[in-house]
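The primary structure of each chain is shown beneath.
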Amino acid sequence: MAFAAFGSSTAPVEQAPRRRSGIALILLAPGLAYLALFFLTPLISLVITSVQAPVEFGDVGQFQNAFKIENYFAVVQDYWPQFLRSFGYALVATFFALIISYPLAYFIGVTARPWPLAQAILLTLVIAPFFISFLLRTFAWKQLMAEDTPFVQGLKALSILAPDANLVGTPFAVIFGLTYNFIPFMTLPIYVTLERLDTRYLEAGNDLYAGPLSTFLRVTLPLSLPGIVSGTLLTFIPAAGDYINASSSFLGSASTSMIGNVIEANFIDLLDYPVAAALSVLLMGIILLIVGLYVRRVGTEDLL
Amino acid sequence: MAIGTFAEAGADLELIGINKRFPGFTAIDELDLTVPAGSFFALLGPSGCGKTTTLRLVAGLEEPTAGRILIGGKDVTKVKTFKRPVNTVFQSYALFPHMTVLENVAFGLRRRNIADALGKAHEGLRLVELDHLAARKPQQLSGGQQQRVALARALVNRPALLLLDEPLGALDLKLRRQMQLELKAIQNEVGLTFLHVTHDQEEAMTMADTVAVLNKGRIEQMGAPEELYELPRTAFVANFLGQSNLFTGAVTSSSGSSIVVDVAGVKVEVPSARAQRHVGLVTIGVRPEKLLLHTAPPEPSVGTNVLGPGRVTDVSFSGVSTQYQLAIPGVGVVVVFAQNMVFGPVVHEGAEAWVSWTVDHSFGLADVPEALPRFEADTDTATIATQVRHKLLAEIEES
């Protein structure tokens, strides 16, 4: 699971002592080479770009190596609202995805156990959206939320939406899109842990005077924590860096732009590579920090 | 049960007309059972006889199709599991893996807001001599230790009724004996009602005050262990609870005190009080350890039954006793347990021998001989599968 990438090195894994052998190293070599070539090299290049300075009297888009650390202060100053928005939207979307996915995963993994066929069908339905491009689906939502659709007209008729208001371009639409797009990434890891949940523990909880809610909070939830951690990470990390949902071509507008949109604009339209690179490095750093604190706080190493 | 208090004493359990049907089969059929308060009651039966289902019904983990369950006189048929004054020691222990041993034991106390839950949990762990492992996680303990934690987790709640679902199944023989005695001691000490489910007849007999033998969802016989052993009422009980030699024959005469049965031409006497049926074709029996083995024809005397001669077909030495199998023409195979009073077996394979026993030791069964096979088939699916395979292999070899 993706979670293993952040797995604690402290978890004592009991295993038989193994003979050191060159074969392990040979087997690892392609992977290591791949990582060096396609992860480490671009990362270093990105960090170098992020501190570059414009070439004097040069064209737009021409930069030279420097050590212009001020780039970082400048991007924070210029783009802090987008940073806040990114993490705010990602957090809210993760929350809603969890609220929607947990009951769904519980139903498929526990309630539907006596009917394996139903389980298989429901799981297929969870994965089904992947058969259609992410872009197309998001675009479809834009059309569904457009002004003249029965859905929006209905909301207006019920006075839930003001007569002159739009859905597309609002934070609601962006968070909705993020939640929708990441629900499978939340549901599947939670399903995997719940599917293995031994219901005899729930019986034991009931037997020991814990009602349904108490049993859920003290037995089911802690036992499914590894799935929740994986699911929230798989949702939060890509959601924070997402630039499709919030883009004005899709569900967003200028007032909802997230950090991904700013990076895209600086890189492709403004050709301001150091700013785009500095934003990227900063985004990565903040995500790593948040994830690190989260994993430490939840302390799931006992469960894995 | 009121929150924050313990049960003062054990409660009695009453099952009235319980039926439990699952799709495709009936697990329990019209079960009536009364377990008196403060007793150690064992439900004994082969796998699939409905004993675990009975336990789950009492715990509230299953709902009966029909019938009522009363605990301490109160109808709990519709009461949810977590509101019943009952705790279970599960066969699988079901210790919460994300909690320490101490947290596991304190779980029930905390849910009921008992004051000083941790202190009482430590006390419970001391009772099973595991207080030093309170901070461990269950998976760091051995099977026997886990079993004792499960026991402590149920016992600390002082439930009016404690349910034990084959709790000693995973233990080795020595630990098993030790735990049996400990359980019995704990039960005496705390005075709770214990309902113990097991397929181990020795365990049921050593621990319980009352044993009910369950077969196919019905109680075959119920009573004190000695009573059940010495005077089984049916062939199932006679063979499930220890071993028996059973003979079938017609009653030829019956006086006030005893009946005489014709077993392959030999007159065998059974006290009337120990026989369930007094006319027609009957099945009578005697326990193997009650038989005496003779190498010469014993003198016929009043008050003794004699069968023989037969040939010794098998001698197996088991330390304390020796088991002899004797094939008597017309009667079948008779099993004899003899104490090793001398060094080693006294009779060897192929020797001619007779058996005798005191009339008072015979018993007559309630079964109609034609209606019942001598042994109930109690083979598990794995065995059946193996038998089918052997049969198929034999067929293939033949062709």
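In this text, all values refer to a predicted model and were calculated from it rather than measured experimentally. Here the residue numbers are simple positions, counted from 1 along each chain's written sequence. Key to labels: chains lettered from A, ligands numbered from 1, both in the order written. In view of the model being predicted, local features appear only for residues whose pLDDT reaches at least 70, and side-chain atom pairs are presented and counted only at 80 or more, with totals across whole chains, interfaces and linings using the full set of residues. To obtain the side-chain values, all non-hydrogen atoms of the structure were included, while hydrogens and water were left out.

**Student:** How would you summarise the overall build of chain B if you had to cite specific residues and measurements?
**Tutor:** When you go through chain B residue by residue, the secondary structure sums to nine helices and 20 strands. Each principal axis of the C-alpha atoms in chain B carries an extent, and together these give about 75 × 55 × 45 Å. Summary of the burial criterion: residues with accessible area below 20% of their type's maximum are buried, those above 50% are exposed, and those between are partly exposed, where the area comes from a 1.4 Å probe applied to protein chains only. Across the 399 residues of chain B, 49% fall into the buried class. Of the contacts made within chain B by residues no fewer than 6 positions apart, 67% connect residues no fewer than 24 positions apart. Under the convention used here, a 1.4 Å probe and the Shrake-Rupley method define accessible areas, while residue burial counts only the protein chains that appear. For chain B, the computed accessible surface area is about 18400 Å², with 55% contributed by carbon and sulfur atoms. The helix and strand labels rest on DSSP assignments: H or I over at least four residues marks a helix, E over at least two residues marks a strand, and numbering proceeds from the N terminus. We call two residues in contact whenever any of their non-hydrogen atoms come within 4.5 Å of each other.

**Student:** Tell me about the sheet that holds strand S6 (residues 86-89) of chain B, residues and numbers included.
**Tutor:** Residue and element names in this part refer to chain B. DSSP-based pairing: two strands are paired if at least 2 bridges between them are found. Strand order across the open sheet formed by six strands is S6-S7-S8-S3-S9-S10, with mixed pairing between neighbours. Two strands lie at the open edges of the sheet, namely S6 and strand S10 (218-223), each paired on one side alone. Shown here is a sheet whose adjacent strand axes are inclined to one another by a mean of 20°, direction ignored. As defined by bridge partners, strand S7 (residues 161-165) adjoins strand S8 (residues 193-198) across five bridges and the pair is classed as parallel. Within S8, the position partnered with Asp-165 by the bridge is Val-197. Only C-alpha atoms enter the line fits that serve as axes; for helices the fit covers just the stretch in contact. Angles between N-to-C directions range over 0 to 180 degrees. Seen against the sheet, helix H4 (residues 143-155) touches S6, S7 and S8 and runs at an angle of roughly 180° to S6.

**Student:** I'd like to hear about the packing of helix H3 (residues 116-127) of chain A against helix H6 (residues 171-195) of chain A, residue by residue, with values.
**Tutor:** When two helices pack together, their arrangement is captured by the angle between the axes and the distance separating the axes. All names here are of chain A. Orientation of H3 relative to H6, taken along the N-to-C sense of each, is 150°, at an axis distance of 9 Å. Put simply, H3 runs roughly antiparallel to H6. Of the residues in H6, those touching H3 at Gln-119, Leu-123, Val-126 and Ile-127 are Pro-184, Thr-187, Leu-188 and Tyr-191. In this classification, the charged set is Asp, Glu, Lys and Arg, the nonpolar set is Ala, Val, Leu, Ile, Met, Phe, Trp, Tyr, Cys and Pro, and all remaining amino acids, among them Gly, are polar. For the contact of H3 with H6, a count of residues per class yields six nonpolar, two polar and no charged. Roughly parallel covers angles under 35 degrees, roughly antiparallel covers those over 145, roughly perpendicular covers 65 to 115, and oblique covers all other angles.

**Student:** So, the sheet that holds strand S11 (residues 245-254) of chain B: which residues are in play, and what are the values?
**Tutor:** Pairing within the open sheet is antiparallel, and its five strands lie in the order S13-S12-S11-S14-S20 (chain B). Two strands lie at the open edges of the sheet, namely strand S13 (266-271) and strand S20 (363-364) of chain B, each paired on one side alone.

**Student:** How would you explain the domain arrangement of chain A if you had to name every residue and give the values?
**Tutor:** All names here are of chain A. When its domains are assigned, chain A resolves into domain 1 (25-68) and domain 2 (77-298). Residue ranges assigned to each domain were obtained from an automatic or database domain assignment. Placing the centre of domain 1 and that of domain 2 at their C-alpha centroids yields a distance of 31 Å. When two parts are put together, the accessible area they lose, computed with a 1.4 Å probe and summed over both, is reported as buried area. Across the domain 1 to domain 2 interface the summed buried area is about 740 Å²; carbon plus sulfur atoms make up 84%. Looking at the side of domain 1 facing domain 2, the largest losses of area belong to Leu-46, Ser-50 and Phe-63, adding up to 51% of the total buried there. A carboxyl oxygen of Asp or Glu within 4 Å of a side-chain nitrogen of Lys or Arg is what we treat as a salt bridge. Summed over the shared surface of domain 1 and domain 2, the result is zero salt bridges. Definition of a polar contact: a pair of N or O atoms within 3.5 Å, with one able to donate and the other able to accept a hydrogen when the atoms are protein atoms, and with sequence-neighbouring residues admitted only if both atoms are side-chain atoms. At the surface where domain 1 touches domain 2, the tally comes to zero residue pairs in polar contact (both at pLDDT 80 or more). Among the residues making up the side of domain 1 that touches domain 2, the classes are represented as five nonpolar, four polar and no charged.

**Student:** Break down the packing of aromatic side chains for me, citing the residues and quoting the values.
**Tutor:** All names here are of chain A. Aromatic pairs are defined between Phe, Tyr and Trp rings, using the six-membered ring for Trp, whenever the two ring centres lie within 6.5 Å; interplanar angles under 30 degrees are classed as stacked, those over 60 as edge-to-face, and all others as tilted. Evaluation of the coordinates by the stated rule reveals 18 aromatic pairs over all chains. Relative to Phe-176, the ring of Trp-141 lies with its centre 4.7 Å away and its plane at 70°, an arrangement referred to as edge-to-face. Of this pair, Trp-141 sits in helix H4 (residues 134-144) while Phe-176 is found in helix H6, placing the two residues 35 residues apart along the sequence. Overall, Trp-141 belongs to the partly exposed group, its relative accessible area being 23%.

**Student:** So what's going on with a nonpolar patch on the surface? Which residues, and what values?
**Tutor:** On the surface, a cluster of nonpolar side chains totalling about 840 Å² of accessible area is made up of Tyr34(A), Leu35(A), Leu37(A), Phe38(A), Phe39(A), Leu40(A), Ile44(A) and Ile48(A). On the secondary structure map, Phe38(A) appears in helix H1 (residues 22-50). Here, patches come from residues exposed beyond 30% relative accessible area and free of salt bridges, joined within 9 Å for like charges and within 5 Å for nonpolar side chains (Val, Leu, Ile, Met, Phe, Trp, Tyr).

**Student:** Residue-level account of the environment of Arg110(B), with values.
**Tutor:** Residues and elements named next belong to chain B. Relative to the helices and strands, Arg-110 resides in helix H2 (residues 101-111). Among the residues examined, Arg-110 registers a relative accessible area of 37% and is labelled partly exposed. Spatially, the C-alpha atom of Arg-110 lies 9.9 Å from that of Ala-121, the residues being eleven residues apart in sequence. With residues up to four places along the chain from it excluded, the contact list for Arg-110 reads Glu-103, Ala-117 and Leu-118.

**Student:** Quick rundown of the pairing of strand S9 (residues 210-215) of chain B? Include the residues and the values.
**Tutor:** All names here are of chain B. By the criterion of burial, S9 is predominantly enclosed, with six of the six residues buried. Of the pairings in the sheet, the one linking strand S3 (residues 40-44) to S9 comprises four bridges and is parallel in character. Following the sheet pairing, Ala-42 is matched in S9 by Val-211. Summarising the sheet, S9 and S10 pair through five bridges and their orientation is antiparallel. The partner of Val-211 across the bridge, within S10, is Gly-223. Connecting the antiparallel pair S9 and S10 is a turn made up of two residues, with Lys-216 showing a positive phi of about 50°.

**Student:** Tell me about the domain arrangement of chain B, and please be specific about residues and values.
**Tutor:** Domains assigned within chain B are domain 1 (13-230) and domain 2 (243-364). Just the C-alpha atoms count here: the centres of domain 1 of chain B and domain 2 of chain B sit 39 Å apart.

**Student:** Pulling in residues and values, what's your account of the pattern of salt bridges?
**Tutor:** Inspection of every chain in the model, using the stated rule, returns eleven salt bridges over all chains. A salt bridge links Asp75(B) to Arg68(B), with the shortest nitrogen-to-oxygen separation between them at 3.2 Å. For Asp75(B), a relative accessible area of 38% puts it in the partly exposed group. A single salt-bridge network, built from bridges that share partners, covers Glu203(A), Lys20(B), Arg56(B) and Glu62(B).

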